[in-house]
Protein chains: 2
Amino acid sequence: MGERVTMADVARAAGVSSATVSYVLSGKRAVAPATRTAVEAAVDRLGFTVNTTARSLRTGRSSLVALIVPDLANPFFAQLAAALEEGVRGLGLHVVVCNTRARREEERALLAEAVQQHFAGVVITPFRLLPSDLRPVVEAGVPVVVSADVPFGPVDQISPDARVATRQALQCVTSGGRRRIAVIAGPRDATGGDPRLELLRALALQFGTSVPRELVVRGEHTREAGAAGFGELLGRRHPPDAVFCANDAIAVGAMDKARELGIEIPEEVALIGHDDASFASLVRPQLSTIRYPAAEVGRLAAQLLRERLDGREVFRTVKVKAEFIRRASA
Amino acid sequence: MGERVTMADVARAAGVSSATVSYVLSGKRAVAPATRTAVEAAVDRLGFTVNTTARSLRTGRSSLVALIVPDLANPFFAQLAAALEEGVRGLGLHVVVCNTRARREEERALLAEAVQQHFAGVVITPFRLLPSDLRPVVEAGVPVVVSADVPFGPVDQISPDARVATRQALQCVTSGGRRRIAVIAGPRDATGGDPRLELLRALALQFGTSVPRELVVRGEHTREAGAAGFGELLGRRHPPDAVFCANDAIAVGAMDKARELGIEIPEEVALIGHDDASFASLVRPQLSTIRYPAAEVGRLAAQLLRERLDGREVFRTVKVKAEFIRRASA
C-alpha cells in the first residue's frame, strides 16, 4: 500500500498549511469553504487517513467512544448520538452506538467490551444497570458519563430537572377539568425505580388530585407496551381522562390503541409523552410532551468526557432542564 | 477483582448444565422461562461475564461488528441494526453502529478503525464511498458485507430488486392520470450515481410518460433537503403532479413544504417515498412508499458474515425484493 501519506503531503497538495489541514479534519476551527474543498479533494486524491494507530500506541486507547443506549430505534438516542459525535470529533474520536435492548446482561457485556477494547470513553443511558456494575469500568480508568434520572454514585452524570415542566403539564391537564390521571410507566425493575412517576405523584397533590394505584400500568419503553398499557387503563371501571407516558414511543402506542378503540385524543383522553423524540410532531394529533433535550445531553456528555480526558479528577453532575411542549394531544 | 467466575460456576449455582447456561447466554436454543430466570439470576449474583478476552486472544479479533451507516437518525438503519444484532448474537458478537453523516471521509475513517481494532466484521451502507476504499478492509481479512444498489466488486453484497415495486408505484400514479413525474434524488456524487432514478426513468417509458430533466432535483437524504427540493419543484413553470423521493425522510420534508405552501397531498401532488421507515405510517397522510425490508437486510447481513467467519471464500451477492406499499399519499 506504499508510503503512508502525511498531513504535510496533503497540505502541500492543497497549497495550505498543515495547521489548516488539521482544522479541516478536526473541525476545531472554521475554514473558508473553498479552502475546505481544496483540502478535502487533496485528502481524497492522496488517500490520506488520520493516523489513529500512532495515537493509539501513544495513549494505549482506541479512538472509539461507546454510546450505550436501551433502544436504538428511539430517535431520541440518534439525536443524542449526533450531538455527542459533534462534540468529540475535534478530539479525533468516533462514536459507536451500542443497543442493549434494555437488558442488564447486554449493558454489562457492552461495558466489559469497552474496557477490554480500551475505548476512549463511555456514555451510557442505563435502563436496568446497577450503579455497582459501573465499578469495573471506572476502575479500569475508562472515562464514563451516565445519563440517568437517579444518582449513579462516583461518576460523571447528566440528570433531568423536570419539576417545572411536569408542573406545567399537570397545569395544562387539570385546568381543562381532568382529574383521573393515569401513568404508563416503565418496568418495575428499571434502574432506580421510577423517579418520573414519583415526581408526578408529588406534584399532582399540589393540583388537588392524585395518581391512584389502579391507574398506574407498567411495561417496556416501546410502542407495543404503550398500546397494551392504554388498553389496560381504558378497561378500568373508572378509566382515566389523562395519561402520562414514560416516553414518546409509549404515547404513540397509546394513540394506536385509542384509534383502534374509537377514543378521541384529546377530547376523551389527554395524552402526554416524554422526551420529544422527532416523531412527536409527526403523529396526528401532534404529541404534547415533556422535552428532554437530547442534543443538549449529547453536547454535555462530550464536554464531560473531554474534561476527564484533560485530567479532571473530581466527578461532576450536571442538571438539564426539561420543558413542557404543548401540542394537540393535551 | 478475585477469581474469574466460570460458566461451570453459574451452572452449579443455577442447578443446570453448562450447556444450558451457554444456550441462555447465546440465545442459540430456546430454554424454558423458569430455567432462563434461574440462570440469569445466577449470572447476576456471581457477576459472570462471557470471557471474550480469551476468545479475542484465541482468534485475534474483537467481538464487535461495525454497522456503518450514513444517517443514524433514519429509523431504517435502527431496524437493520436490530436484525443484525439478533443474527450475530448467537456468535457472541456485539453490533456497534457508526454514523458517517454521508461523508466519505468518515466512511473511510471508520473502516480504518474497524481494521485497526480487529473488528470481527463490518456491515456498511455506503453513501459516498468508492469500491476501492474497501480494499484495505478486505485485504486485512475483516469480513465485509456491503448493502448498496450498485455492485461493489469482490465483496459480499446485498442489493435491492426494485423493478416490480417501482412498476407498481408508477402504475398507481399514472392510472390516476398523473403525467408530470418528478424525482427528489440523492446528491450527484453519491456512490454509483442514482440507480433508483435510472430505473424509474426506464420504467416510466413503459407507461407512456417520462421524468423530464427539469423535474429532477437533488440533495442529501434528509427531511430538510426534501422540503427544499419540493419547494424548488413546485416553483417550476410546469410543476409536477407526482413526486418520487429517494427516501422517506425526503418525502416527509416534502410534506412539510406542501403544508407550508397549502398544497394538498395527494389531491394536487402524489408523493412516494422509499424504504418504509417506521415513521412512514405515522405521518398524515400516511406515506406510500417503496419498502426495502430493513430487517431482512440485517438478517441477511448477519448470515453472510456468519458464513464468512465459518470459512466461505467465494463472494456472494444476495438480491432483496422491494415492495410497493400503497397508503394515502399516492
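Scoring rules and cut-offs
Residues numbered from 1 in each chain as written. Chains lettered and ligands numbered in written order. Predicted model: local features only at pLDDT ≥ 70, side-chain atom pairs only at ≥ 80, totals over all residues. Helix = DSSP H or I, 4+ residues; strand = E, 2+ residues; numbered from the N terminus. Buried ≥ 20, exposed ≤ 12 C-beta atoms within 10 Å, placed from the backbone. Pairing = 2+ DSSP bridges. Axes fitted to C-alpha atoms, helices over the stretch in contact; angles between N-to-C directions. Contact = placed C-beta atoms within 7 Å. Least-squares fit on C-alpha atoms with pLDDT ≥ 70 in both. Left-handed = near helix turned anticlockwise from the far one by under 90°. Nonpolar A, V, L, I, M, F, W, Y, C, P; charged D, E, K, R; others polar.

(A) Up close: the environment of Leu271(B). Residue and element names in this part refer to chain B. With respect to the helices and strands, Leu-271 occurs in strand S9 (residues 270-275). Given 28 C-beta atoms within 10 Å, Leu-271 falls into the buried group. For the pair Leu-271 and Lys-257, spaced 14 residues apart in sequence, the C-alpha separation works out to 12 Å.

(B) Structural context of the sheet that holds strand S8 (residues 242-245) of chain A. Residues and elements named next belong to chain A. The sheet built from six strands is open, its strands ordered S7-S6-S8-S9-S10-S12 with mixed pairing. Strands with a single pairing partner mark the edges of an open sheet, and in this sheet they are strand S7 (216-218) and strand S12 (323-325). The average undirected angle you get between the axes of adjacent strands in this sheet is 20°. Judged from the three bridges that link them, strand S6 (residues 181-185) and S7 form a sheet pairing that is parallel. Note on S7: the bridge partner recorded for Val-183 is Val-216. Here helix H8 (residues 163-175) sits on the sheet in contact with S6, S8, strand S9 (270-275), strand S10 (288-291) and S12, set at roughly 30° to S12. Here helix H10 (residues 223-234) sits on the sheet in contact with S6, S7 and S8, set at roughly 150° to S6.

(C) Structural detail: the relation of the copies chain B and chain A. Expressed as a screw operation, the relation of chain B to chain A combines 0.1 Å of axial shift with a rotation of 180°, fitting to an RMSD of 0.1 Å. Taken together, the rotation angle and the small translation identify this as a two-fold axis. Closest to the rotation axis within chain B is the C-alpha of Val97(B), separated from it by 2.4 Å. A shared binding surface is used by both copies, with 97% of the interface residues of chain B retained as interface residues in chain A.

(D) Quick peek at the packing of helix H5 (residues 75-89) of chain B against helix H12 (residues 294-309) of chain B. Residue and element names in this part refer to chain B. Taken N-terminus to C-terminus, the directions of H5 and H12 make an angle of 35°; their axes are 7 Å apart at the nearest point. Remark: the crossing between H5 and H12 carries right-handed chirality. Across the interface between the two elements, Phe-76, Gln-79, Leu-80, Ala-81, Ala-82, Ala-83, Leu-84, Gly-87 and Val-88 from H5 touch Ala-294, Ala-295, Val-297, Gly-298, Arg-299, Ala-301, Ala-302, Gln-303 and Leu-305 from H12. When grouped by side-chain class, the residues that make up the contact of H5 with H12 number 13 nonpolar, four polar and one charged.

(E) Examining the interface of chain B and chain A more closely. Between chain B and chain A, the residue contacts involve 38 residues of the former and 38 residues of the latter. When contributions to the side of chain B that touches chain A are tallied by element, the ones reaching two or more residues are helix H3 (33-46), helix H4 (52-59), H5, strand S2 (94-99) and helix H6 (104-116) of chain B. Residue contributions to the side of chain B that touches chain A peak at eight residues, all from H6(B). The class makeup of the residues in the side of chain B that touches chain A is 21 nonpolar, ten polar and seven charged. Pairing geometry for strand S2 (residues 94-99) of chain A and S2(B), over three bridges, is antiparallel. Directly across from Cys98(A), in S2(B), lies its bridge partner Val96(B).

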